[in-house]
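Examination of the molecular architecture
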Amino acid sequence: MLTQTTTRVLDPSDLGAALAILESEPVANAFITSRVQVAGLDPWRLGGEMWGWYADGRLRSLCYSGANLVPICATPEAVRAFADRARRAGRRCSSIVGPAEPTSQLWGLLEPSWGPARDVRANQPLMVTQQIPQGIEPDPYVRRIRKDEMDVIMPACVAMFTEEVGISPMAGDGGLLYQARVAELVGAGRSFARIDDGQVVFKAEIGAATNEACQIQGVWVAPEFRGRGLSETGMAAVLRYALADVAPVVSLYVNDYNTAARAAYRRVGFSEVGAFMSVLF
């Protein structure tokens, strides 16, 4: 018997079915789930389209198409359908990112028409923890950033992004979207830093948050302060906030070649449970 499949852009009436899929993998899907829970499926509010892949009339897989292209709980058949749709639409995203296996399949199908990529990070370990680390004292000077400190935190955010991604977030629109995102996290109380004499020496954000899981991003130590253990004590402090105020599971993903960061995260209690992949344009 042949399976009947179809792919279409979801609309607000599909919210319940989409959330059921997103919430089936709360850690891996935390970033997109958090956005959908706030914005719904209206493309204007969500900042992109949510594509749905149906088999025999039932929604089985998703793909977010916005600034990033993100396969979600995507089977190989769904990946092929999403790749066909993305190829027809043309590349509009700045990256493809998601769980390593479907993301690799998606890139393999899109690379002939979308390539070459600026960078492919094929193995980014996904790490999680559910407890405050033992034996590492949280840095007492790490705290939430206030709204009136945007001018203090912004240069550190730009430096982190440029170092991590390889391009400045201030390019293109002059940084308006990036500044808005930083302000959003500061306003939500999810931006943390240690500031000594007006200088950010450590920072991190809780970039996504649901009731089930949250995701830390943007971990950065000022270059002249590296090698002093500030990433570990700083992360311990952010974990204290995250587990107490946000969600029972905290996750992050990191480049596999960043052995120092992976070791630091393990020392504060994170363990590797899977892998993400990022394709940067």
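You'll find the structure just up there.
The text that follows walks through the structure, step by step, so that each part is easy to find. All residue numbers refer to position in the chain's written sequence, counted from 1. Local features in a predicted model are, by the rule used here, given only for residues with pLDDT of at least 70; side-chain atom pairs are given and counted only at 80 or more, and totals for whole chains, interfaces and linings are based on all residues. With hydrogens and water stripped out, all remaining heavy atoms of the structure feed into the side-chain values.

Along the backbone of the protein chain there are nine helices and 12 strands. For the radius of gyration, the atoms used are the C-alpha atoms, and the globule rule reads 2.2 Å times the number of residues raised to 0.38. Taking 19 Å as the expected radius of gyration for a compact globule of 281 residues, we find that the protein chain reaches 19 Å, a close match to that expectation. Each of the three principal axes of the protein chain carries a C-alpha extent, and together these read 65 × 35 × 35 Å. Summary of the burial criterion: residues with accessible area below 20% of their type's maximum are buried, those above 50% are exposed, and those between are partly exposed, where the area comes from a 1.4 Å probe applied to protein chains only. Split into buried and exposed, the 281 residues of the protein chain put 49% on the buried side. Here, residues are in contact when the closest pair of their heavy atoms is within 4.5 Å. For the protein chain, the proportion of contacts with a sequence separation of at least 24, taken over those separated by at least 6, is 68%. In this description, accessible areas are obtained by the Shrake-Rupley approach with a 1.4 Å probe, and a residue is regarded as covered only by the protein chains that are shown. As presented, the protein chain carries roughly 13300 Å² of accessible surface, and 52% of it is formed by carbon and sulfur atoms. The sign given to each residue is positive for Lys and Arg and negative for Asp and Glu; His and the chain ends receive no count. Think of each charge as sitting on NZ of Lys, CZ of Arg, CG of Asp or CD of Glu. Once the 27 positive and 30 negative side-chain charges of the protein chain are each reduced to a mean point, those two points are 2 Å apart. Comment: elements are numbered from the N terminus, with helices defined as DSSP H or I runs of at least four residues and strands as E runs of at least two.

So, on to helix H7 (residues 176-187). With 12 residues, H7 extends 16 Å from end C-alpha to end C-alpha; this agrees with the ideal 16 Å at 1.5 Å per step. Those residues of H7 that fall on the buried side of the exposure criterion are Tyr-178, Arg-181, Val-182, Leu-185 and Val-186. Taken end-on, H7 shows its buried residues confined to a sector of 140°, consistent with a single buried face. With respect to the buried face of H7, the exposed residues turned more than 90 degrees away are Leu-176 and Leu-177. Summarising the contacts, the buried residues of H7 are in contact with helix H2 (30-39), helix H6 (150-165), strand S8 (191-196), strand S9 (199-209) and strand S10 (214-221). To estimate the expected span of a helix, subtract one from its residue number and multiply by 1.5 Å. Here the arc refers to the directions that run from the helix axis out to each C-beta atom.

In this section: the nonpolar core. Counting 43 residues, the largest nonpolar core has Ile-216 and Phe-270 as its most contacted members. Of all the elements in the fold, those that place two or more residues in this core are H6, H7, S8, S9, S10, helix H8 (230-245), strand S11 (250-253) and helix H9 (259-267). Counting residues per element, this core draws most heavily on H8, at nine residues. In terms of nonpolar packing, the next biggest core, distinct from the first, is built from 24 residues, Ile-21, Val-27, Tyr-64 and Val-70 among them. Throughout, nonpolar core names a set of buried Ala, Val, Leu, Ile, Met, Phe, Trp, Tyr and Cys residues whose side chains join them through atoms within 4.5 Å.

Throughout this description, the term salt bridge denotes a Lys or Arg side-chain nitrogen within 4 Å of a carboxyl oxygen of Asp or Glu. Scanning the model with the defined rule gives 17 salt bridges in all. Note that Asp-14 is salt-bridged to Arg-8, the shortest N-O span being 2.8 Å. Among the residues examined, Arg-8 registers a relative accessible area of 30% and is labelled partly exposed. Each of Arg-143, Arg-146, Asp-148 and Glu-149 takes part in salt bridges that share partners, so that together they form one network.

Omega for the bond connecting Gly-115 with Pro-116 falls within 30 degrees of zero, at -5°, which places this linkage in the cis form. With a phi angle near 50°, Cys-73 is a residue other than glycine that sits in the positive phi range. Inspection of the secondary structure assignment puts Cys-73 in the loop between strand S4 (68-72) and helix H4 (76-89). Positive phi, close to 50°, is recorded for Asp-197, a residue that is not glycine.

Moving on, we get to the sheet that holds strand S6 (residues 119-129). Spatially, S1-S2-S3-S4-S5-S12-S6-S11-S10-S9-S8-S7 is the arrangement adopted by the 12 strands of the open sheet, whose pairing is mixed. The outermost strands of the open sheet, each flanked by one partner alone, are strand S1 (5-9) and strand S7 (142-144). Within this sheet the neighbouring strands show an average axis-to-axis angle of 25°, counted without direction. At least two DSSP bridges between two strands are required for those strands to pair. Pairing analysis gives four bridges linking S6 to S11, with the strands arranged antiparallel. For Met-127, the partnering residue across the bridge sits in S11 and is Leu-252. Lines are fitted to the C-alpha atoms to define the axes, a helix being fitted only along its stretch in contact, and any angle between axes, read from their N-to-C directions, falls within 0 to 180 degrees. In the packing of H4 onto the sheet, the strands contacted are S1, strand S2 (49-55), strand S3 (58-65) and S4, and the crossing angle to S2 comes to about 135°. Set on the sheet, H7 makes contact with S8, S9 and S10; between it and S9 the angle comes to about 85°.

Scope: geometric values only; no functional claims are made or implied.
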